[in-house]
Amino acid sequence: MSTSQIAVRLACPNDAQAIHDVTLQAFSARQPLDPPADALSDTLDDVSAALAGPGFGVISEVDSQIAGSLLVRLDEAAGGQTIATLRRVGVLPQFRHLGVADTMVRTTLRGLADSGIRRARLLARMELPQIVAWWRARGFLIDHDVPHGFMMSANLPVPIDVPTPDDMRALGQSLAKHMRAGDLVIASGDLGAGKTVLAQGIGEGLGVAGPVISPTFVLARVHESAAGPGLVHVDAYRLASAAELEDIDIDAALADSVVYIEWGAGLAEGLSDQRLEVHIERLPGDLRHVYLMPVGRRWREEAFDE
């Protein structure tokens, strides 16, 4: 298992050369396209102009070495709303398979959500189905065809401040109103962030038999409900791969229950392309900052912030 430390930061004007280098190397390492990717014709001046706005750049570093970058352009959409367009998402070949792109994109989407932006889009080439699938796994769906590719878009995470454990439990109860049999919820966050408290609230909202406690040592606990779908509560903290998660036979539970997986990020996404991802950040004091990320059409229209 890699122990590399991935850090994400906003780019400054002096990063233009580094972003230009990352973009050229990353896109040159992909299969040849006809016509070639627009990114390969970018100049240093183009990158500098992009960093000057409207928009910004993002740098990802692995053990303090620049490993990836992306550009965000902020456009005005219908109704005067701002939409974020992701561009030039690239990772240097030597840093692939470390989760650099995933960390960089998820961090960027959360930052956009915190700034009040609710939608993001990007262009994906149709000749690269693996890239299209990668973006689908992160909540982006195809909106329409464009020359040589697809325009994809996603609702951004819904950010919610949660001051106390009681508020976290209440959030779980509220989320349960949106849930039905077959739903998958993947929760991430540091130790003590509140993932189990959120699960307790969901269990209370579903009316399951309790108590809902951390299933760390048994991996999964099944809670039946007389009023609707039950809750399967999974702790993937000690699992090293998606294959180990499959051994629990969660697929069978998904048919008639809500499955809630703590520590499931990077392991459980393959269980369903329709899921709710919950990321919890600990802030000073008891405050928690929760991001609700809808993935797939099942969750796209849910109004969590109402």
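Just so it is clear, the structure is predicted and the values come from calculations on it, not from any experiment. (Residues numbered from 1 in each chain as written. Predicted model: local features only at pLDDT ≥ 70, side-chain atom pairs only at ≥ 80, totals over all residues. Heavy atoms only, no water.)

### What to know about empty space enclosed by the protein
As enumerated under the stated definition, the model contains 1 cavity of 30 Å³ or more in all. Space inside the largest cavity adds up to approximately 30 Å³. Lining the largest cavity, in full, are Gly139, Leu141, Ala154, Asn155, Pro294, Val295, Gly296, Trp299 and Arg300. Here the residues of the lining of the largest cavity sort into 5 nonpolar, 3 polar and 1 charged. (1 Å grid on protein atoms, 1.4 Å probe; cavity = no way out; pocket = protein on both sides within 12 Å on 5 of 7 lines; lining within 4 Å. Points joined across faces, edges and corners; volume = space filled by probe spheres on them. Nonpolar A, V, L, I, M, F, W, Y, C, P; charged D, E, K, R; others polar.)

### Side note on the pattern of salt bridges
Enumeration over the complete set of coordinates arrives at 14 salt bridges. Of the charged contacts in the structure, one is a salt bridge between Asp42 and Arg88, with a shortest N-O distance of 2.6 Å. On the criterion of sequence distance, the pair formed by Asp42 in the loop between α1 (16–28) and α2 (44–52) and Arg88 in strand β4 (residues 82–91) is long-range, its members being 46 residues apart. Classification of Arg88 by relative accessible area gives buried; the value is 17%. The partner of Arg106 in a salt bridge is Glu277, with the nearest N and O atoms 2.5 Å apart. You can see Arg106 sitting in helix α3 (residues 100–114) and its partner Glu277 sitting in strand β13 (residues 275–282), a full 171 residues away along the chain. What makes Arg106 buried here is its relative accessible area of 17%. By relative accessible area, Glu277 is classed as buried at 9%. (Salt bridge = Lys/Arg side-chain N within 4 Å of Asp/Glu carboxyl O. Helix = DSSP H or I, 4+ residues; strand = E, 2+ residues; numbered from the N terminus. Buried < 20%, exposed > 50% of the residue type's maximum accessible area, 1.4 Å probe, protein only.)

### Quick notes on the sheet that holds strand β1 (residues 6–10)
What the 7 strands build is an open sheet, ordered β1-β2-β3-β4-β5-β7-β6; its pairing is mixed. One side of each edge strand has no neighbouring strand; the edge strands of this open sheet are β1 and β6 (141–146). Averaged over all pairs of adjacent strands, the angle between their axes in this sheet comes to 25°, without regard to strand direction. As paired elements, β6 and strand β7 (residues 149–155) share 5 bridges and run antiparallel to each other. In the sheet register, His144 faces β7, and the bridge partner there is Met151. Packing against the sheet, helix α4 (residues 129–136) makes contact with β4, β5 (119–125), β6 and β7, and its axis sits at approximately 10° to β7. (Pairing = 2+ DSSP bridges. Axes fitted to C-alpha atoms, helices over the stretch in contact; angles between N-to-C directions. Contact = heavy atoms within 4.5 Å.)

### Remarks on unusual backbone geometry
Following Asp34, the chain continues to Pro35 via a peptide bond in cis, the omega torsion being 0°. Looking at where Pro35 falls in the secondary structure, it is placed in the loop between α1 and α2. Despite not being glycine, Asp63 has its phi angle at roughly 50°, a positive value. Mapped onto the secondary structure, Asp63 falls in the loop between β2 (55–62) and β3 (65–76). With a phi angle near 55°, Arg88 is a residue other than glycine that sits in the positive phi range.

### A word on a negative patch on the surface
Residues Glu244, Glu246, Asp247, Asp249 and Asp251 make up a contiguous surface patch of negative charge. Mapped onto the fold, Asp247 is located in the loop between α7 (242–246) and α8 (250–254). Classification of Asp247 as exposed rests on a relative accessible area of 65%. (Patch = residues over 30% accessible without salt bridge, like charges linked within 9 Å, V, L, I, M, F, W, Y side chains within 5 Å. Areas by Shrake-Rupley, 256 points an atom, 1.4 Å probe, with all protein chains shown as cover. Lys, Arg positive; Asp, Glu negative; His and termini not counted. Charge placed at Lys NZ, Arg CZ, Asp CG, Glu CD.)

### Concerning the layout of surface pockets
The gaps left among the atoms become clear once a water-sized probe is rolled over them. Each pocket or cavity is described by its volume, and for the largest pocket that value is around 1,400 Å³. Where the lining of the largest pocket is concerned, the elements lending two or more residues are α3, β9 (184–189), β13 and β14 (288–295). Taken together, the residues that form the lining of the largest pocket break down as 21 nonpolar, 13 polar and 10 charged. Computed from the structure, the second largest pocket encloses a volume of approximately 1,100 Å³. Phe27, Arg30, Val89, Ile131 and Trp135 are, among the 42 residues lining the second largest pocket, the residues nearest its centre. If you list the elements that add at least two residues to the lining of the second largest pocket, you get α1, β4, α3, β5 and α4. The element best represented in the lining of the second largest pocket is β4, accounting for 7 residues. Counted by class, the lining of the second largest pocket contains 25 nonpolar, 8 polar and 9 charged residues.

### A short note on helix α6 (residues 195–206)
Between its first and last C-alpha atoms α6 spans 17 Å; for 12 residues at 1.5 Å apiece the expected length is 16 Å, and the two agree. For α6, a buried count of 9 out of 12 residues is recorded, marking the element as mostly surrounded by other parts of the structure. Residues of α6 that are buried sit in contact with α5 (165–176), β9, β11 (230–235), β12 (257–262) and β13. Looking at the residues trailing α6, positive phi occurs at Gly207, about 75°. (Expected span 1.5 Å × (residues − 1).)

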